[in-house]
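Fold and contact review
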Amino acid sequence: MAGSLNKVTLIGNLGKDPEVRTFNTGGKVCNFSIATTERWRDKNTGENRERTEWHTVAIFSEGLVNIAERYLKKGSSVYIEGKLQTRKWQDQSGNDRYSTEVVLQGFDGKLVMLDKKDSGGQSGGYDGNQGGGNGAGGYQSPPDGGGGSTLDDEIPF
C-alpha cells in the first residue's frame, strides 16, 4: 500500500454543551464529547444490550468553532469527520499523560447538525471541504434534506 489514511467519521450526541476557549493569539478551540451507542440483542438471553463509547472532539477551524458555539448544545445530534490526534501532556504530579481526540481542522474537518429544524434555531452543517482557502468551510444542508442553503450562486455547468 502506498500511503495511509487518518479519518474518523462519527454520528452521535453531545454529552454536554460545547466549551469554547480563546488563545492569546486570538484563535479559538471548541471542545465537546460525543456519545455513540451500539445496540444489539443477546442471542443467548434474548435481552436487548447496548454499549456507549465517548469520543473527545476538538475543533480548531474558525468557521466550525463559530457554528458549534452558536448552535450546538447538550443532546445535539451531529455527524463529524476529522482526524485522530494523540497529544502528550503532564499532570500536576509531573507524570506524562496521553489523550487521543478527534480533531476537526482545516479542510479535513466536517460538522453536520442532524437535529430537525426548530422554531428558534437552524439546522444544517458546516463543511471544511467547501468554501475559501482558509479552511472556514461552507454551508451544507443536512442529509435528510431539512434546513436549506442560503447561497444563490449560479453554477456554470
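Look up: the structure comes first, before these words.
The structure reproduced in this document is the subject of the present report.

About the thresholds
- Residues numbered from 1 in each chain as written.
- Predicted model: local features only at pLDDT ≥ 70, side-chain atom pairs only at ≥ 80, totals over all residues.
- Heavy atoms only, no water.
- Helix = DSSP H or I, 4+ residues; strand = E, 2+ residues; numbered from the N terminus.
- Buried < 20%, exposed > 50% of the residue type's maximum accessible area, 1.4 Å probe, protein only.
- Polar contact = N/O pair within 3.5 Å; in protein donor to acceptor, adjacent residues only side chain to side chain.
- Core = buried A, V, L, I, M, F, W, Y, C linked by side-chain atoms within 4.5 Å.
- Contact = heavy atoms within 4.5 Å.
- Pairing = 2+ DSSP bridges.
- Salt bridge = Lys/Arg side-chain N within 4 Å of Asp/Glu carboxyl O.

Our next topic: the side chain of Asp91. The residue Asp91 is located in the loop between strand S5 (77–90) and strand S6 (96–104) in this model. A relative accessible area of 19% places Asp91 in the buried class. Polar side-chain contacts of Asp91 include one of 3.0 Å to the backbone nitrogen of Ser93.

Another point: the nonpolar core. Within the largest apolar cluster, 19 residues are counted, with the highest numbers of intra-cluster contacts made by Phe32, Val57, Ile59, Leu72, Ile80, Leu104 and Leu111. Elements represented by at least two residues in this core include exactly strand S1 (8–14), strand S3 (28–41), strand S4 (48–59), helix H1 (62–71), S5, S6 and strand S7 (110–113). Ranked by residue count, the leading element in this core is H1, at four residues. Not counting residues up to four positions away in its chain, the partners in contact with Phe32 are Leu14, Pro18, His55, Thr56, Val57, Ile59 and Leu72.

Turning to the pairing of S5, a few remarks are in order. Within a regular beta strand, the side chains point alternately toward one face of the sheet and then the other, so they alternate between its two faces. Of the pairings in the sheet, the one linking S1 to S5 comprises six bridges and is antiparallel in character. Note that in S5 the partner of Ile11 across the bridge is Tyr79. Both S5 and S6 contribute to a ladder of eight bridges, which runs antiparallel. Bridge pairing in S6 places Lys88 opposite Tyr98. If you look at the hairpin formed by S5 and S6, you'll find five residues sitting between the two strands, and Gly94 has a positive phi there, around 90°.

Another aspect to go through is the side chain of Glu81. Looking at the secondary structure, you find Glu81 in strand S5. On the basis of relative accessibility, which here comes to 10%, the residue Glu81 falls in the buried class. Within the local environment of Glu81, its side chain forms a polar contact with the side chain of Tyr79, the two groups lying 2.2 Å apart. Among residues more than four places away in sequence, those in contact with Glu81 are Lys7, Val8, Thr9, Leu104, Asp108, Gly109 and Lys110.

In this structure, S1 lies alongside S3, joined through two bridges in antiparallel fashion. Of the residues in S3, the one forming a bridge with Asn13 is Ala35.

In this section: the pattern of salt bridges. For the coordinates displayed, the defined rule picks out nine salt bridges. Close ionic contact of Lys88 with Asp96 constitutes a salt bridge, the shortest N to O distance being 3.3 Å. For Lys88, a relative accessible area of 53% puts it in the exposed group. The partner of Arg97 in a salt bridge is Asp91, with the nearest N and O atoms 3.0 Å apart.

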